[in-house]
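Residue-level structure breakdown
Below, each chain spelled out in residue letters.
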Amino acid sequence: MRPAQDLPTLPATERLILELLVANGEMFGLQLVEASAGRLKRGTVYVTLSRMEKKRFLDSEQAPPVPGAIGLPRRLYKPTALGKRALRAWGALRQQLAWSAQR
Amino acid sequence: MSRDFPGRRLYEALSRTLDPTIVQSVVTPTFADLHYEVQRAGAHRWQRWLSYLRCYVALSRAFAFGRVIPEGLMPRLAAVVLLGVLGAGSMWGVMWLDIRPAPIQLLPFFVMAVVTPLVLRSLKRGRTYKGTFFDCTCISLFMMLPLVIYLPQLGRVPWWVALRGLAILGACIAFAAALIAAVAWKPSGAERPVYHPALLTLLTGACVFALAAGGTRFWFARGPMNILLNMAASAYSGFILPSWRRSSTCPLFSRCIGR
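Moving on: the overall build of chain B. Each helix and strand counted, chain B has eleven helices and zero strands in total. Written out in order from the N terminus, the α and β elements of chain B read α-α-α-α-α-α-α-α-α-α-α. Put simply, chain B has 259 residues, and 35% of those count as buried. In chain B, the share of contacts with a sequence separation of at least 24, taken over all contacts with a separation of at least 6, comes to 75%.

Let's shift gears to the overall build of chain A. The helix and strand inventory of chain A stands at four helices and three strands. In chain A, the succession of α and β elements from N to C terminus is α-β-α-α-β-β-α. Classification of the 103 residues of chain A by burial places 28% in the buried group. When contacts within chain A are restricted to residue pairs at least 6 apart in sequence, long-range pairs at least 24 apart make up 51% of them.

Taken together, the contact pairs 24 residues of chain B with 16 residues of chain A. Residue classes in the side of chain B that touches chain A are distributed as 13 nonpolar, eight polar and three charged.

Residue and element names in this part refer to chain A. Spatial ordering of the open sheet is given by E1-E3-E2, a layout of three strands whose pairing is antiparallel. Of all the strands in the sheet, just strand E1 (27–28) and strand E2 (58–62) have a single pairing partner and so form its edges. Here E1 runs beside strand E3 (residues 75–79); their pairing, made up of two bridges, is antiparallel. Bridging across to E3, Met-27 finds its partner in Tyr-77.

Glancing now at the packing of helix H1 (residues 12–24) of chain A against helix H3 (residues 42–54) of chain A. All names here are of chain A. Interaxial distance between H1 and H3 falls to 10 Å at its minimum, and their mutual angle equals 85°. On the basis of their axis angle, the class for H1 and H3 is roughly perpendicular. Contact residues: Thr-13, Glu-14 and Ile-17 in H1; Thr-48, Leu-49 and Met-52 in H3. Of the residues belonging to the contact of H1 with H3, the class tally is three nonpolar, two polar and one charged.

Once that is clear, we can look at the nonpolar core. Ranked by internal contacts, the top residues of the largest apolar core, which has 33 residues, are Ile17(A), Leu49(A) and Phe31(B). Those elements giving two or more residues to this core turn out to be H1, helix H2 (29–35), H3 and helix H4 (81–102) of chain A together with helix H1 (8–17), helix H2 (20–41) and helix H3 (45–65) of chain B. The leading source of residues in this core is H2(B), at eight residues. Once you skip the residues sitting within four places of it in the chain, Phe31(B) turns out to touch Gly71(A), Leu72(A), Gly7(B), Tyr11(B) and Cys55(B). Of all hydrophobic cores here, the second largest spans 13 residues; its members include Leu83(B), Cys136(B), Phe142(B) and Met143(B).

A word on the confidence of the model for chain B. All names here are of chain B. Predicted confidence across chain B gives a mean pLDDT of 67, with 44% of residues reaching 70 or more. Within chain B, H2 carries the highest mean pLDDT (88), whereas helix H11 (residues 251–256) carries the lowest (38). This stretch, residues 189–196, has a pLDDT under 50; its non-local contacts, to residues over four places away or in other chains, come to six contacts. Counting interchain partners and residues more than four positions distant, the pLDDT-below-50 stretch residues 236–259 has 43 contacts. Under the prediction, the complex receives an ipTM of 0.87, its pTM being 0.53.

Contact geometry of H3(A) with H2(B) gives a least axis separation of 9 Å together with a crossing angle of 140°. Here H3(A) lies oblique to H2(B), going by the angle between them. As for the relative orientation of H3(A) and H2(B), their crossing is right-handed in sense. The residues of H2(B) that touch H3(A), namely those facing Tyr46(A), Val47(A) and Ser50(A), are Ser25(B), Val26(B), Pro29(B) and Thr30(B).

Residues in a regular strand project their side chains so that they alternate between the two faces of the sheet. Of the pairings in the sheet, the one linking E2(A) to E3(A) comprises five bridges and is antiparallel in character. If you follow Gln62(A) over to E3(A), its bridge partner there is Arg75(A).

Bringing unusual backbone geometry into the picture now. Residue and element names in this part refer to chain A. One non-glycine residue, Ala-37, adopts positive backbone phi at about 55°. The residue Ala-37 is located in the loop between H2 and H3 in this model. When the 8 C-beta atoms within 10 Å are taken as the criterion, Ala-37 is described as exposed.

A few words on the environment of Arg54(B). All names here are of chain B. When you line up the elements, Arg-54 lands in helix H3. For Arg-54, a count of 17 C-beta atoms within 10 Å corresponds to the partly exposed category. C-alpha separation for the pair Arg-54 and Asp-33, spaced 21 residues apart in sequence, amounts to 9.7 Å.

Conventions and cut-offs
Counting restarts for each chain, with residues numbered from 1 along the sequence as it is written. Just so you know, chain letters begin at A and ligand numbers begin at 1, following the order they were written in. In view of the model being predicted, local features appear only for residues whose pLDDT reaches at least 70, and side-chain atom pairs are presented and counted only at 80 or more, with totals across whole chains, interfaces and linings using the full set of residues. Strands here mean DSSP runs of E at least two residues long; helices mean DSSP runs of H or I at least four residues long; both are numbered from the N terminus. With C-beta atoms placed from the backbone, a residue is labelled by how many other C-beta atoms lie within 10 Å of its own: buried for 20 or more, exposed for 12 or fewer, partly exposed between the two. Residues are defined as contacting one another if the C-beta atoms placed from their backbone atoms lie within 7 Å. Just so you know the grouping, Ala, Val, Leu, Ile, Met, Phe, Trp, Tyr, Cys and Pro go in nonpolar, Asp, Glu, Lys and Arg go in charged, and all remaining residues, Gly too, go in polar. Here a strand pair is declared whenever DSSP counts at least two bridges between the two strands. Note on geometry: axes are C-alpha line fits, over the in-contact stretch for helices, and angles between N-to-C directions span 0 to 180 degrees. When an angle is under 35 degrees it counts as roughly parallel; over 145 it counts as roughly antiparallel; between 65 and 115 it counts as roughly perpendicular; any other value is oblique. Think of a nonpolar core as buried Ala, Val, Leu, Ile, Met, Phe, Trp, Tyr and Cys residues chained together by C-beta atoms that fall within 7 Å. The predictor's confidence in any single residue is recorded as pLDDT, a number from 0 to 100. Take the far helix as your reference; a near helix turned counterclockwise from it by less than a right angle gives a left-handed crossing, and one turned clockwise gives a right-handed crossing.

This is the structure we're talking about:
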């Protein structure tokens, strides 16, 4: 059976981001890097987040302006319903595979 | 948003050069993090510098590993840098070894004249006439670097002679780049002429080799100016034949002959 070509994939980095976002709600990119304990890098986290937005796993919006803040506004990232479902599906698959391997 | 902020010039430069979606999704959040950290650092100078450093490292990582540069441009940039370094290295090697026979002095240029169009042709994206001209000019300028460094060290050559040689070479490089671009540039669809590109490029290279090696060795004395003149002559003469054949599709030549 051929795998469906248009199904979005869920690599380990994207899974980690989804797990962090599902656990903590809305987060900034820098917060994700700090919370990942070195597994996410500052240089590539926004590239990954952008890719996940294209897959519709995530949604982002500009953070409300902070009085006295300088420069550009930061972006807040939150998981979409599709992202949560993809993570749940991955968790179920992992459990099933672990269960099959133990038999 | 305040008008002046840390890293504003770099941000504006990147905003002008990169794709707007990349700017919005990658560059802007990275700079927003920088601003947040700079503000958090307050009066601690070293912490501010550390924030800058982290931002620049993050951007470098994004460019190097994150595929931020559009597809097609990255292989082209890599190819231009690689070919340029290869050409400059071989030029330097020939000059450093002080190899006298003119054909061997010409060898790096001959090799690059053959290799460059083939490599540029093999890259599937970003093949426009202007793009190829720009790539060829960059590679030629890379190849000029050893000459620029090497020539002033030769006490025997007066500076105006070296300058004149470099000026001629610069002009020839621009001309040769236009001609190489005409050879390497591949129009799409029905406009594409029917010929074997590799064969034509080899033929061109052979013409370069024969004309420049024979002509310059006969007319000019040995020495660094010989190298310059060899390169200039080969650049000038070597690409006329294929460009003439391509004149119906090349914008440069179609304008020249009024088609």
